[in-house]
Amino acid sequence: MKRLGVLTSGGDAPGMNAAIRAVVRKCIYHDVEIYGIKNGYQGLIEGNIEKMDVGSVGDIIQRGGTMLYSARCEEFKTEAGQLKGIEQLKKFGIEGLIVIGGDGSFQGAQKLTEKGYPCIGVPGTIDNDIPGTDFTIGFDTALNTIIEAIDKIRDTATSHERTYIIEVMGRNAGDLALWAGLADGAESILIPEKQDDFNEVITRLKRGHERGKKHSIIILAEGVGSGFEYGDRIHEATNLETRVTVLGHIQRGGSPTANDRVLASRLGAKAVDLLLEGKAGRMVGIQKNKLVDHDIIEMLALSHSIDEDMYQLSKELSI
Ligand code: ADP
């Protein structure tokens, strides 16, 4: 292959820029031309495509967001949309495509591969909800953003003896909530993968209050439901002063952590290697700190799961 393309799609994640940089530089290192497609699959359909060089990706490794922009594109879910995309790729002479995004974006990459157009998926999402990789690009940064926010909220919670419900992102996955809860010593962690026992949450709160605890922090993953509704339920059951914070989009932004930059660099470069080896329809990932690749269809058929040991530990430590 002598000419490849790269795009970012779906929700943005810190570290996507580092992945784009790795793809571009790795291509140039191997004497392969590389084209950037702006606005995800929307830009692909529209032919919003530009050649990139070493300088195009200078000074971006430390930036959040994505310099190629991202978009959601309903049209690409249709066969007609996918064929339009392939037409554009052919027009530009692009022989293989690297898609940085979440599982929705991987579905698009798979559709192109099935139509004879080689694609590789690079997992970029703060949610850490893609099977086949221990971590996705952006998860570590989002986690650290959450921890910083909770540490601040904790100061206020202590000063006012309040119970705080903190709603974090993650779509249908509980990883951000679980890791944040462990990292911040939360009283309870509510995640969609586990049925929460409301009575147990109340018991923990009351027990803490009775032994003179100045504050309580409950972390709720957005996939469980509304933090505000949960806060009302807690208040009604305990009469404790309760406050709710929905962290929202601050979790998606910011300069990527060192871990995310390194992960993104390794995964982006690996995706180029796979295409140059003639592979297609694969996703790259990291498992036990080793780079791996898997068939996209096989991975999308699996459902995401949380680390049971970590969940159990979170319970044991928040007695
Ligand atoms: P993420 O990649 O973060 O999971 P989305 O689920 O919104 O985000 O998917 C991003 C884009 O990927 C969609 O807007 C669409 O263009 C494309 N996409 C999603 N699902 C499919 C599908 N089944 N077939 C083709 N393209 C898809």
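Preceding block: the structure.
These notes cover the structure that comes with them. (Residues numbered from 1 in each chain as written. Predicted model: local features only at pLDDT ≥ 70, side-chain atom pairs only at ≥ 80, totals over all residues. Heavy atoms only, no water.)

## Looking at the site of the ligand
Moving on, step 1. The ligand sits among 17 residues. The nearest are Arg72, Cys73, Gly102, Gly104 and Ser105.
Moving on, step 2. Glycine 11 has a polar backbone atom sitting 3.4 Å from an oxygen atom of the ligand.
Moving on, step 3. Glycine 104 places a main-chain nitrogen or oxygen 3.0 Å from an oxygen atom of the ligand.
Moving on, step 4. Calculation on the ligand without its partners gives an accessible area of 550 Å², and the protein chains cover 87% of this total.
Moving on, step 5. Because more than half of its atoms lie within 2 Å of the grid, the ligand is assigned to the largest pocket.
Moving on, step 6. Per element, the largest residue contribution to the shell around the ligand is 6 residues, and it comes from helix H4 (residues 103-114).
Moving on, step 7. Here the shell around the ligand is composed, by residue class, of 3 nonpolar, 9 polar and 5 charged. (Near = heavy atom within 4 Å. Polar contact = N/O pair within 3.5 Å; in protein donor to acceptor, adjacent residues only side chain to side chain. Areas by Shrake-Rupley, 256 points an atom, 1.4 Å probe, with all protein chains shown as cover. 1 Å grid on protein atoms, 1.4 Å probe; cavity = no way out; pocket = protein on both sides within 12 Å on 5 of 7 lines; lining within 4 Å. Sits in = over half its atoms within 2 Å of the grid points. Helix = DSSP H or I, 4+ residues; strand = E, 2+ residues; numbered from the N terminus. Nonpolar A, V, L, I, M, F, W, Y, C, P; charged D, E, K, R; others polar.)

## Brief notes about the environment of glycine 64
Moving on, step 1. Within the element layout of this structure, glycine 64 appears in the loop between strand S3 (49-52) and helix H3 (79-91).
Moving on, step 2. On the basis of relative accessible area, glycine 64 is assigned to the partly exposed category, the value being 31%.
Moving on, step 3. A C-alpha to C-alpha distance of 9.8 Å links glycine 64 and threonine 257, two positions 193 residues apart in sequence.
Moving on, step 4. Leaving out residues up to four positions away in the same chain, glycine 64 has contacts with Pro14, Asn17, Gly254, Ser255 and Pro256. (Buried < 20%, exposed > 50% of the residue type's maximum accessible area, 1.4 Å probe, protein only. Contact = heavy atoms within 4.5 Å.)

## Let's talk about the pattern of salt bridges
Moving on, step 1. Taken as a whole and assessed by the stated rule, the structure comprises 24 salt bridges.
Moving on, step 2. Here arginine 171 ties to aspartate 127 by a salt bridge, and the two come within 3.3 Å at their closest N and O atoms. Here arginine 171, found in the loop between strand S6 (163-168) and helix H6 (175-184), pairs with aspartate 127, found in the loop between strand S5 (119-123) and helix H5 (139-160); they are 44 residues apart in sequence, far enough to count as distant.
Moving on, step 3. The class for arginine 171 is partly exposed, based on a relative accessible area of 39%.
Moving on, step 4. Where arginine 204 meets glutamate 200, a salt bridge forms, and the shortest distance between an N and an O atom there is 2.8 Å. Taken as a pair, arginine 204 and glutamate 200 lie in helix H7 (residues 198-210) at a separation of 4 residues, close to a single helical turn.
Moving on, step 5. Owing to a relative accessible area of 11%, arginine 204 belongs among the buried residues under this scheme.
Moving on, step 6. Look at glutamate 200 and you get partly exposed, because its relative accessible area is 29%.
Moving on, step 7. Salt bridges here are not isolated pairs; linked through shared partners, they connect Asp103, Asp127, Asp129 and Arg171. (Salt bridge = Lys/Arg side-chain N within 4 Å of Asp/Glu carboxyl O.)

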